[in-house]
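Understanding the architecture of this molecule
So you can see what is in the structure, the chains are spelled out below.
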Protein chains: 2
Amino acid sequence: MRIIVIGGDAAGMSAAAQARKRRKADDLEVIAFERGEFTSYSACGIPYWIGGLVDGPDALIARNPAAFAESGITVHTGHEVTGIDLSARTVTVRSADREFSEGFDELVYAAGAVPVRPKWAAGPMRGVFGMQTLGDGAAVEAWIAETSPKNAVVIGAGYIGVEMAEALLRRGLSVTLVEQSPQPMSTIDPDMGALVAKSIEGMGITLRTGVTVQSLESRSPASGSSASGSSASGSLASGSSASGSDRIGAVVTDAGTLPADLVILGLGVRPNTELAKAAGIPLGATGGLATDLRQRVTGPSGLVEGVWAAGDCTQVLNRVSGRQVHVPLGTHANKQGRVAGINLGGGYATFPGIIGTGITKICDLEVARTGLSSKEADTAGYRYVTATVSSTNRAGYMPGADPMTVKVIAEKESGLLLGAQIVGKAEAAKRIDAFAVAVWNRMTVTEMTALDLGYAPPFAPVWDPVLIAARKADEAL
Amino acid sequence: MRIIVIGGDAAGMSAAAQARKRRKADDLEVIAFERGEFTSYSACGIPYWIGGLVDGPDALIARNPAAFAESGITVHTGHEVTGIDLSARTVTVRSADREFSEGFDELVYAAGAVPVRPKWAAGPMRGVFGMQTLGDGAAVEAWIAETSPKNAVVIGAGYIGVEMAEALLRRGLSVTLVEQSPQPMSTIDPDMGALVAKSIEGMGITLRTGVTVQSLESRSPASGSSASGSSASGSLASGSSASGSDRIGAVVTDAGTLPADLVILGLGVRPNTELAKAAGIPLGATGGLATDLRQRVTGPSGLVEGVWAAGDCTQVLNRVSGRQVHVPLGTHANKQGRVAGINLGGGYATFPGIIGTGITKICDLEVARTGLSSKEADTAGYRYVTATVSSTNRAGYMPGADPMTVKVIAEKESGLLLGAQIVGKAEAAKRIDAFAVAVWNRMTVTEMTALDLGYAPPFAPVWDPVLIAARKADEAL
């Protein structure tokens, strides 16, 4: 049997490794094609590389093609799959010097996601970067080394946006963070987002919320002056690879023009499913591939025979809202890939969905969420109460005790915990895991007040912030 | 209605506060008697006070009698309840200058626990201290100030023992930690305890395991020489209060004599239930008071009318083993007191038991456990598998990534998570909460592999140590 894997990052290579582990070499051949240069890397680590905290890119690579080869998995980097023929059971592959066709018995589609590029960023412009692959990170590194930029504009204040803002600040750039919503981190509630906004402003990052970007302006390399330069060619190339094109000079917004010699697009990503679509593989409502619990691709008329999918190109079930959502996150990609691989290898495993846990750090500020935000709870149709408490990470009398704010959302009638959000400093955000396990198990906030969590003065007040929040939500019911 | 509360610490005063909150002043009178000097304090904070990290004792007091008075609760410190008459519904109270009787409608028994003092420590000996009350902390502080001790021996390497060993090390003493078991922290498995032992030895604390203390030797104040001096008078007085007695000179063990001018007894505590017993209130099998879910005292023949109990004087249900156990811990005391108080105030709340979560820090080492240890699982009758993994607190490539070891215990047939243990450095131990919520909800390790925990490089590897441990246990099934 031959398995072809499209995409050599977390999801694809986890699937490959798990399948390989379970079947003998003479029984199974595993070949992966990766259009980029790297395999199995931590894209989430890119901001720490750019920020100078990590020596990249090597440290971010969990396993390279040579290591895969040793365990009997063939990976071709610089090889892009350009076509899938489901009837013939072949893929068409293009590399720098040739195009060829390869047959498969089972196909693992793990092509990841691609950065959203609005119309105003569609054209090639040097110094403008999406943040999705290790290649993007390398391009930013090269740009900084070559051009010594002074003014960075990060567009979008979600996870990648805030992390890149910190990274560029660490590199000594003047950083402006632009966000269309009235708050940064729009995945948390406005009141919690306001706490984040306040903190970001104290960090030396210029935060501009409620601001819409209208265009990118180039400057001519010779004169250094700006000129309108965005086109709509539809290219998705990263800044530095478009070496013949114009160079970024400014970001034009509805609230003025921001000088910029480096722009990061942190506007989210969409599932990279063009190839699947072209092959007639049905897509889910989110644009991602829909799978069953074992990561087999499904469509309106049932399973797509012998086609599996995992990672950022798929949609997943949010267990709290009951909705299919697109949540591109390495931790889900790894789990889904593992599940696909176990099943491909003859075992049994399922991926039961996600609950929307997210966590990030901006300088010394920690932010986390799980379950549904108030807005998401509204959309899902829940009637709910919220409770917000201020507490500390350690017993208040301990050195290093820092304030933290915890917000809890619970269904009004049942008391069911729907979601939680945390904004604090050290030792604050990872407390989201206690909430995450509680959400996963459909606990009520009333039951949560009795939870036996770790207590000692260096770790928590005698009432852990998690419990205080549950108590307040219980009282609000 | 009048409520009398025996014991002015966490459990008693939580009960008082909650009852008060729910009923009007003309409807309810709340009077608490505390034999010590302080109310509502953090006994768990004493090691940090002694260690010089916290300004004690004031910082450790959450609420003093004046504050309680303001909210309509009368607290008499320095007042010991010496008798309970259930038929007459009165308590006898003794203070420095008088003895009197006070009637009650409802009685809250929250007399806490008293340190275990083996026969060899039963006699008065200056410089020997149990660690249970703020008064004990003050006595140690005074002893250090008065006598400038050089050699401390801490007997018992459980939570209090290791925390006090660190505290005295911080104060510049030479510290020997003596433990009868073959390992420190005997509440965790031997292999995990061995990791703790190794770390403690690197901290400058002399750890002596498998060593049994035989007697305490005094030295005559004038000559400074040692003389056998332990008697068996049965006194429970702390060292410095026995001012006329001998002064500690050495600890005699089956493996030699250890010079000591300060000794801490960290041998655990037992429920302080003599008074209840004398009044004919039935005790549970552990020696603690048995209660129903609402914290009403129960006996073989049913409820003891109008008597409530909470905190270290009670026994509690371990939800995993199904056994009644004595787990003296501030966090349980607070919860039980709150539950008693809500019910006393006319509300409804239950305390559904504990799962054995514990956490501590020794210098930069963090240790935590939840659920059952292997030994406890054996005792409970479980057949189980264990899995131990090494991982890191952050993504391995991040600065500050430290190793941590996680052990998971799961029922062999069902995969039910029975317990977990963690030994690591910063950001390690509080991960026990994710396990604790999983144990609470009777998750299987198989289901745990899919948990949606917070992932970002500053907080976890892409597979959180919790998930890696669950995976390995799943594979071991």
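Conventions used here
- Residues numbered from 1 in each chain as written.
- Chains lettered and ligands numbered in written order.
- Predicted model: local features only at pLDDT ≥ 70, side-chain atom pairs only at ≥ 80, totals over all residues.
- Heavy atoms only, no water.
- Helix = DSSP H or I, 4+ residues; strand = E, 2+ residues; numbered from the N terminus.
- Buried < 20%, exposed > 50% of the residue type's maximum accessible area, 1.4 Å probe, protein only.
- Pairing = 2+ DSSP bridges.
- Axes fitted to C-alpha atoms, helices over the stretch in contact; angles between N-to-C directions.
- Contact = heavy atoms within 4.5 Å.
- Core = buried A, V, L, I, M, F, W, Y, C linked by side-chain atoms within 4.5 Å.
- Phe/Tyr/Trp six-rings, centres within 6.5 Å; stacked < 30°, edge-to-face > 60°.
- 1 Å grid on protein atoms, 1.4 Å probe; cavity = no way out; pocket = protein on both sides within 12 Å on 5 of 7 lines; lining within 4 Å.
- Points joined across faces, edges and corners; volume = space filled by probe spheres on them.
- Domains from an automatic or database assignment.
- Least-squares fit on C-alpha atoms with pLDDT ≥ 70 in both.
- Buried area = accessible area lost by both parts, 1.4 Å probe.
- Salt bridge = Lys/Arg side-chain N within 4 Å of Asp/Glu carboxyl O.
- Nonpolar A, V, L, I, M, F, W, Y, C, P; charged D, E, K, R; others polar.
- Polar contact = N/O pair within 3.5 Å; in protein donor to acceptor, adjacent residues only side chain to side chain.
- UniProt positions renumbered as here; feature names shortened; annotations may be inferred.
- pLDDT = per-residue confidence, 0-100.
- Expected span 1.5 Å × (residues − 1).
- Parallel < 35°, antiparallel > 145°, perpendicular 65-115°, else oblique.
- Left-handed = near helix turned anticlockwise from the far one by under 90°.

With that settled, consider unusual backbone geometry. Looking along the chain, the bond that leaves Gly56(A) and enters Pro57(A) is cis, with omega of -10°. Phi is positive for Ser40(A), close to 40°, though the residue is something other than glycine. Relative to the elements of secondary structure, Ser40(A) occurs in the loop between strand S2 (29–34) and helix H2 (46–50). You will see that Arg89(B), though not glycine, has its phi angle at about 55°, which is positive. Judged by relative accessible area, which is 22%, Arg89(B) ranks as partly exposed.

Residues and elements named next belong to chain A. The antiparallel open sheet is built from five strands, whose spatial order is S23-S24-S27-S26-S25. Every other strand in the sheet has two partners, leaving strand S23 (358–362) and strand S25 (384–392) as the edge strands with one partner each. Averaged over all neighbouring strand pairs, the angle between strand axes comes to 10°, with direction disregarded. The pairing of S23 with strand S24 (residues 365–371) spans five bridges and is antiparallel. Following the sheet pairing, Ile 359 is matched in S24 by Ala 368. Along the sheet, helix H10 (residues 432–440) contacts S24, strand S26 (403–411) and strand S27 (417–424); its crossing angle with S27, the most-contacted strand, is approximately 175°.

Right, let's get into the nonpolar core. Among the nonpolar cores identified, the biggest contains 88 residues, and Val408(A), Phe435(A), Met448(A), Val408(B), Phe435(B) and Met448(B) are the most heavily contacted of them. Setting aside residues up to four positions removed in sequence, Phe435(A) forms contacts with Thr370(A), Val406(A), Val408(A), Leu417(A), Ala420(A), Ile422(A), Met448(A), Val466(A) and Ala469(A).

Residues and elements named next belong to chain A. Here we have five strands laid out as an open sheet, ordered S9-S17-S10-S11-S12, and parallel in their pairing. Only two strands of the sheet have a single neighbouring strand rather than two, namely strand S9 (128–130) and strand S12 (206–209). With direction set aside, neighbouring strand axes in the sheet form an average angle of 20°. In terms of strand pairing, strand S10 (residues 151–155) meets strand S17 (residues 262–265) through four bridges, oriented parallel. Its bridge partner lying in S17, Val 154 is registered against Ile 264. Against the sheet, helix H4 (residues 134–147) touches S9 and S17, its axis set at about 155° to S9.

Residues and elements named next belong to chain A. Summed over the entire model, instances satisfying the criterion amount to six aromatic pairs over all chains. Ring geometry for Phe 38 against Tyr 41: centres 6.5 Å apart, planes inclined by 80°, an arrangement best described as edge-to-face. Among the residues examined, Phe 38 registers a relative accessible area of 13% and is labelled buried. Using a relative accessible area of 12% as the deciding quantity, one classes Tyr 41 as buried.

As a further point, take empty space enclosed by the protein. All names here are of chain B. This model, assessed by the stated rule, comprises one cavity of 30 Å³ or more. In this structure, the largest cavity encloses a volume near 40 Å³. Around the largest cavity, the lining residues are Pro 47, Tyr 48, Leu 53, Glu 163, Glu 166, Ala 167, Arg 170 and Lys 361. Within the residue set of the lining of the largest cavity, elements represented by two or more residues are helix H2 (46–50) and helix H5 (159–170). For the lining of the largest cavity, the leading source of residues is H5, giving four residues. Structurally, the lining of the largest cavity is a two-domain feature, drawing no fewer than three residues from each of domain 1 (2–114 + 269–344) and domain 2 (117–265).

This brings us to the relation of the copies chain B and chain A. Both copies of the chain are related by one operation, a rotation about an axis with a shift along it. Superposing chain B onto chain A takes a rotation of 180° combined with a translation of 0.0 Å along the rotation axis, leaving an RMSD of 0.0 Å. Taken together, the rotation and translation relating the two chain copies correspond to the operation of a two-fold axis. The rotation axis passes nearest to the C-alpha of Ala434(B) in chain B, at a distance of 2.4 Å. Mapped onto chain A, 98% of the interface residues of chain B again fall at the interface, so both copies present the same surface.

We now examine the interface of chain B and chain A. Facing 62 residues of chain B, the contacting portion of chain A comprises 61 residues. Buried area between chain B and chain A, summed over both chains or domains, comes out near 5100 Å², and the portion from carbon and sulfur atoms is 65%. When the area that chain B buries against chain A is broken down by residue, the three leading residues are Tyr397(B), Asp452(B) and Phe459(B), summing to 15%. Between chain B and chain A we count two salt bridges in total. Between Asp464(B) and Lys430(A) there is a salt bridge, with the nearest N and O atoms lying 2.5 Å from each other. Taken together, the elements giving at least two residues each to the side of chain B that touches chain A come down to helix H1 (10–22), helix H8 (330–344), strand S23 (358–362), helix H10 (432–440) and helix H12 (465–476) of chain B. Among the elements that make up the side of chain B that touches chain A, the one with the highest residue count is H10(B) (seven residues). Its residues assigned to classes, the side of chain B that touches chain A shows 33 nonpolar, 14 polar and 15 charged.

Our focus in this paragraph is the side chain of Thr370(B). Residues and elements named next belong to chain B. Relative to the elements of secondary structure, Thr 370 occurs in strand S24 (residues 365–371). Of the residues examined, Thr 370 reaches a relative accessible area of 0% and is grouped as buried. At a separation of 2.8 Å, a polar atom in the side chain of Thr 370 contacts the side chain of Thr 357. Excluding residues within four positions of it along the chain, Thr 370 makes contact with Ile 355, Gly 356, Thr 357, Leu 418, Gly 419, Ala 420, Ile 432, Phe 435, Ala 436 and Val 439.

Residues and elements named next belong to chain A. Counting across every chain of the model gives 34 salt bridges over all chains. Here Arg 2 ties to Glu 29 by a salt bridge, and the two come within 3.0 Å at their closest N and O atoms. Placement of Arg 2 in strand S1 (residues 2–6) and of Glu 29 in strand S2 is noted, with a sequence separation of 27 residues between them. Under the relative-accessibility criterion, Arg 2 is labelled partly exposed at 21%. Assessed through its relative accessible area of 35%, Glu 29 is described here as partly exposed. For Arg 170, the salt bridge is made with Glu 166, and the minimal N-O distance between the two is 2.9 Å. Note that Arg 170 and Glu 166 are positioned in helix H5 (residues 159–170) at a spacing of four residues, about one turn of the helix. In this structure Glu 166 comes out as buried when scored by relative accessible area, which is 5%.

Moving on, we get to the pairing of strand S16 (residues 256–259) of chain A. Remember that side chains alternate between the two faces of the sheet whenever the strand is regular. Residues and elements named next belong to chain A. Bridge analysis of strand S15 (residues 247–253) against S16 gives four bridges, and the strand direction is antiparallel. What sits directly across from Val 252, in S16, is Thr 257. In this antiparallel pair of consecutive strands, S15 and S16, the connection spans two residues.

Taking the numbering used here, the UniProt-annotated feature "domain: Pyridine nucleotide-disulphide oxidoreductase dimerisation" (unreviewed entry) corresponds to residues 360–461 of chain A. Between the C-alpha atoms that bound residues 360–461 of chain A there is a distance of 23 Å. The span itself is 20% helix and 35% strand.

Quick look at the side chain of Ser321(A) now. All names here are of chain A. The topology assignment puts Ser 321 in the loop between strand S21 (316–317) and strand S22 (324–325). For Ser 321, a relative accessible area of 18% gives the class buried. In terms of polar contacts, Ser 321 uses its side chain to reach the backbone amide nitrogen of Arg 323, at 3.1 Å. Sequence-distant contacts of Ser 321, defined by excluding residues within four places in its chain, comprise Leu 372 and Ala 380.

For chain A, per-residue confidence averages 94 on the pLDDT scale, and 95% of positions sit at 70 or higher. Here residues 223–242 of chain A is a poorly scored stretch, pLDDT under 50, and it has 48 contacts once near neighbours within four places are set aside; other chains count.

All names here are of chain A. We note that the domain assignment places domain 1 (2–43 + 51–112 + 270–344), domain 2 (117–265) and domain 3 (358–476) within chain A. Once you take the C-alpha centre of each, domain 1 and domain 2 turn out to be 30 Å apart. Domain 1 puts 10 residues into the contact, and the matching count from domain 2 is eight residues. In this assembly, domain 1 packs against domain 2 so that about 730 Å² is buried in total across both faces, 66% of it on carbon and sulfur atoms.

All names here are of chain A. Its 13 residues give helix H1 (residues 10–22) an end-to-end C-alpha distance of 18 Å, which sits within 8% of 18 Å, the value for a rise of 1.5 Å per residue. Counting buried positions along H1 gives 10 out of 13 residues, so the element sits mostly inside the fold. By the burial criterion, the buried members of H1 are Ala 10, Ala 11, Gly 12, Met 13, Ser 14, Ala 15, Ala 16, Gln 18, Ala 19 and Arg 20.

This part takes up the packing of H1(A) against helix H8 (residues 330–344) of chain A. All names here are of chain A. As a packed pair, H1 and H8 sit with axes 7 Å apart at the nearest point and diverge in direction by 30°. When the axis of H1 is compared with that of H8, the two are roughly parallel. The interaxial crossing formed by H1 with H8 has right-handed handedness. Here Ala 10, Ala 11, Ser 14, Ala 15, Gln 18, Ala 19 and Arg 22 of H1 come into contact with H8, specifically with Ala 333, Asn 334, Gly 337, Arg 338, Ala 340, Gly 341, Ile 342 and Leu 344. Taken together, the residues of the contact of H1 with H8 sort by class into eight nonpolar, five polar and two charged.

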